[in-house]
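Examining the three-dimensional arrangement
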Amino acid sequence: MSISSRFAVGIHILALIELNKEGITSSEFLASSVNTNSAVIRKLMGMLKNAGLIEVKPGIAGAKLSKELYDITLFDVYKAVNVVQEKELFSIHENPNPKCPVGRNIQNTIEPLFTSAQLAMEKMLRSVTLEDVVKDIATNENN
């Protein structure tokens, strides 16, 4: 199991919209970069639009960011594309055997650890902006 690829694709979409702001950033163009179906891109673009991260006009090919790069964090993207529900990044198996000492106690023991890990990851995502990502892409492209 892993975090949904919607998160990485959402970041990809936003970075490409920024880097292609002089061109037309249609769902087909984005899909060719992500190497996926344009219907997948349109669904994610709808999620990003609903979160207030992009502007899309019906019937007009293209999209643009609705915020400055430094105002969009990776946490914003993470939440926008519904990667996971709050405090549910890690799943805990249900119905362990209550006759077993581990089965009786495992959920209460690991749940706070999982919650702490998710909160730490989300804190880190709040500290990284789309501007950081775009700068890194530009640096890698120019090397």
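Everything that follows concerns the structure shown earlier in this document.
Before going into details, it helps to say that this report is about the structure given with it. (Residues numbered from 1 in each chain as written. Predicted model: local features only at pLDDT ≥ 70, side-chain atom pairs only at ≥ 80, totals over all residues. Heavy atoms only, no water.)

On to the overall build of the protein. For the protein, the helix and strand inventory stands at 6 helices and 2 strands. Start at the N end of the protein and walk to the C end: the helices and strands fall as α-α-α-β-β-α-α-α. The globule rule puts the C-alpha radius of gyration for 143 residues at 15 Å, and the 19 Å found for the protein is more than 25% above it. C-alpha extents for the protein along the principal axes are approximately 65 × 30 × 25 Å. Long-range contacts, defined here as pairs at least 24 residues apart, represent 62% of the contacts in the protein between residues at least 6 apart. When the accessible surface of the protein is summed, it comes to about 9,200 Å², and 52% of that surface belongs to carbon and sulfur atoms. (Helix = DSSP H or I, 4+ residues; strand = E, 2+ residues; numbered from the N terminus. Rg over C-alpha atoms; globule rule 2.2 N^0.38 Å. Contact = heavy atoms within 4.5 Å. Areas by Shrake-Rupley, 256 points an atom, 1.4 Å probe, with all protein chains shown as cover.)

Close contact between helix H1 (residues 6–19) and helix H3 (residues 38–50) brings their axes to 10 Å; oriented N to C, the two are set at 80°. What the angle tells us is that H1 and H3 run roughly perpendicular. Across from Arg6, Val9, Gly10, Ile13 and Leu14 in H1, the residues of H3 making contact are Ile41, Leu44, Met45, Met47 and Leu48. Classifying every residue of the contact of H1 with H3 by side-chain character gives 8 nonpolar, 1 polar and 1 charged. (Axes fitted to C-alpha atoms, helices over the stretch in contact; angles between N-to-C directions. Parallel < 35°, antiparallel > 145°, perpendicular 65-115°, else oblique. Nonpolar A, V, L, I, M, F, W, Y, C, P; charged D, E, K, R; others polar.)

It is worth spelling out the environment of serine 33 at this point. Turning to its location among the elements, serine 33 is positioned in helix H2 (residues 27–34). A relative accessible area of 36% means that serine 33 is categorised as partly exposed. Distance from serine 33 to isoleucine 11, taken between C-alpha atoms, is 12 Å for residues 22 residues apart in sequence. Ignoring sequence-local partners within four residues, the contact set of serine 33 consists of His12 and Leu16. (Buried < 20%, exposed > 50% of the residue type's maximum accessible area, 1.4 Å probe, protein only.)

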